[in-house]
Amino acid sequence: MNRLQRAVGVADAAVREGGYPSAVIAVASSSATILKRALSRPGMAPAREDSIFLLASITKPIVATAIMRLVEDGLLLLSAPVATYIPEFAQAGKQLVTTWHILTHTSGLDDSAWQAELAGARRATAPELVQLACRSGLRFEPGARFEYCSFSFYILAELISRLGGAPYPELLRRQIFRPLGMRDTSFAPEGDQRARAMPVYGLAPDFDRWLAYYTSVATPGGGLWSTAADLIAFGQALLRGGRAGDYHLLSPAAIETMARLQTGGLTQVSDGQTTPAMYGLGWGKLGPEALASPRAYLHGGATGTLLCIDPEWDLVFVFLTNQWDIQGTAADRALNAVYGALRRDR
């Protein structure tokens, strides 16, 4: 059995026996797609290799990429207070919160109002959510600790819109999706894409209504839909030092800064356990127990998705599925199986 097929076997078992409705697994180098496979559970919506999945929080590093383009263009300093660019953000003691704090989830922004909007009946529009973030207070002093906060990405989206001169979904299309050939990546699949959009399964009785709202406000911390091929194109551009053909996505310096551990010395609390905070700028980092190299960076999503990029191993790994808040470990185990198949060419 080809060792790389063990990763497919992990995904297949998760779909057949582990509660995953479907999976698309893909592996690529900087120059070629090596493996792509779609798997589906009987009785659930069938997945194809070109199926479009809700990425959830894999959206974050894509939005962070647009932020770093502003940095490269001299329009934004990560160390400057956000209020320098969005004056109304200085409300409720947030004068010292920087873009760096938001990208590293150390801002302290209180997202309870956002959670209330997601659970409520009225539900604010996207511009209202930006203003809600501006009015929100802090849970702790900026930089004092790590606390994951999707709500704060509305502020990053507003920075992109104000400094870029166009709505952030349009700028993402113009600066990232279109030049990289990411034809199926958007905040809402349209036209013939809808037939390839995978349903998102959730446990709440009104989950479909909740998801429709979540999609309608182009959630910058988790609302993008995409395919394995599009994520491979994104990962390959990063492996190539930020270039796609003649197009400059990001500089190698910006990519290395995003991929560097930024939260050293801080901790996070998850499921009652305190562990080191492992985060770069919009990307997560793996711990010392991982098979990945120290240069690897990744992000997962609440729908069970995972994107991992490892420059040391010239690797892009994609795992897509469609169960909201799934607690399985299939993506991590499949990634380990991929590493187990890698060999040095010398």
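Just so we're clear, the structure is a prediction, and the values are computed from it rather than from any experiment.

Quick word on the overall build of the protein
A tally of regular secondary structure across the protein gives 11 helices and 11 strands. Taken over C-alpha atoms, the radius of gyration comes to 19 Å for the protein, in line with the 20 Å a tight globule of 346 residues would show. Its C-alpha atoms give the protein principal-axis dimensions of about 60 × 50 × 45 Å. Counting all 346 residues of the protein, 55% fall into the buried class. Within the protein, contacts between residues separated by at least 24 positions form 67% of all contacts whose residues are at least 6 apart in sequence. With an accessible surface of roughly 14,600 Å², the protein has 52% of that area assigned to carbon and sulfur atoms. Here the protein holds 32 positive side-chain charges and 31 negative ones, and the gap between their average locations is 3 Å.

Considerations on helix α11 (residues 330-341)
Over its 12 residues, α11 extends 17 Å from the first C-alpha to the last, a length consistent with the 16 Å expected when each residue adds 1.5 Å. When α11 is considered as a whole, its buried residues turn out to be Ala 330, Ala 331, Ala 334, Leu 335, Ala 337, Val 338, Tyr 339 and Ala 341. Elements in contact with the buried residues of α11: α1 (5-17), β1 (22-28), β10 (306-310) and β11 (315-320).

Details of the packing of aromatic side chains
Going through the model one piece at a time under the given rule, you end up with 13 aromatic pairs. With a centroid separation of 5.7 Å and an interplanar angle of 55°, the aromatic rings of Phe 146 and Tyr 279 are classed as tilted. Of this pair, Phe 146 sits in the loop between α5 (126-135) and α6 (153-164) while Tyr 279 sits in the loop between β8 (273-276) and β9 (297-300), and the two are 133 residues apart along the sequence. The class for Phe 146 is buried, based on a relative accessible area of 6%. Using a relative accessible area of 5% as the deciding quantity, one classes Tyr 279 as buried. Seen in terms of ring centroids, Tyr 168 and Phe 187 are 5.9 Å apart; in terms of plane orientation they differ by 90°. Their pairing is edge-to-face.

Here we look at the environment of Trp 114
Mapped onto the secondary structure, Trp 114 falls in helix α4 (residues 112-119). For the pair formed by Trp 114 and Ala 292, sequence separation is 178 residues and the distance between their alpha carbons is 35 Å. When near neighbours in sequence (up to four residues on either side) are disregarded, Trp 114 contacts Leu 129, Leu 132, Phe 151, Tyr 154, Tyr 214 and Thr 219.

Remarks on the nonpolar core
In terms of nonpolar packing, the biggest core is built from 87 residues, with Ile 67, Ile 176, Phe 234, Leu 307 and Val 318 touching the most fellow members. No other element matches the eight residues that helix α9 (residues 228-239) contributes to this core. Sequence-distant contacts of Ile 176, defined by excluding residues within four places in its chain, comprise Ile 62, Thr 65, Ala 66, Leu 171, Met 182, Phe 234 and Leu 249. Within the second largest apolar cluster, 31 residues are counted, among which are Ile 25, Leu 306, Cys 308 and Ile 326.

Digging into the pairing of strand β7 (residues 267-270)
Judged from the four bridges that link them, β7 and β8 form a sheet pairing that is antiparallel. Directly across from Gln 268, in β8, lies its bridge partner Thr 275. Where β7 folds back onto β8 in an antiparallel hairpin, the turn is made up of two residues, including Asp 271, whose phi is positive at roughly 50°.

Some thoughts on the sheet that holds β1
Strand order in the open sheet formed by five strands is β2-β1-β11-β10-β9, with antiparallel pairing between adjacent strands. Edge positions in the sheet fall to β2 (33-40) and β9, since each of these pairs with one other strand and no more. Geometrically, the sheet is characterised by an average inter-axis angle of 5° between neighbouring strands, direction not taken into account. Sheet analysis places β9 next to β10, joined by four bridges and oriented antiparallel.

Examining the environment of Gly 9
Along the chain, the position of Gly 9 falls in helix α1. Look at Gly 9 and you get partly exposed, because its relative accessible area is 32%. It is 24 Å that separates the C-alpha atoms of Gly 9 and Ala 233, two residues lying 224 residues apart in sequence.

Focus on the side chain of Ser 51
Following the sequence through the fold, Ser 51 ends up in the loop between β2 and β3 (53-54). Within polar-contact distance, the side chain of Ser 51 engages the backbone nitrogen of Arg 48 at 2.7 Å. In contact with Ser 51, other than residues within four places in its own chain, are Pro 46, Arg 196, Met 198, Ser 226 and Thr 227.

What counts, and where the lines are drawn
Residues numbered from 1 in each chain as written. Predicted model: local features only at pLDDT ≥ 70, side-chain atom pairs only at ≥ 80, totals over all residues. Heavy atoms only, no water. Helix = DSSP H or I, 4+ residues; strand = E, 2+ residues; numbered from the N terminus. Rg over C-alpha atoms; globule rule 2.2 N^0.38 Å. Buried < 20%, exposed > 50% of the residue type's maximum accessible area, 1.4 Å probe, protein only. Contact = heavy atoms within 4.5 Å. Areas by Shrake-Rupley, 256 points an atom, 1.4 Å probe, with all protein chains shown as cover. Lys, Arg positive; Asp, Glu negative; His and termini not counted. Charge placed at Lys NZ, Arg CZ, Asp CG, Glu CD. Expected span 1.5 Å × (residues − 1). Phe/Tyr/Trp six-rings, centres within 6.5 Å; stacked < 30°, edge-to-face > 60°. Core = buried A, V, L, I, M, F, W, Y, C linked by side-chain atoms within 4.5 Å. Pairing = 2+ DSSP bridges. Axes fitted to C-alpha atoms, helices over the stretch in contact; angles between N-to-C directions. Polar contact = N/O pair within 3.5 Å; in protein donor to acceptor, adjacent residues only side chain to side chain.

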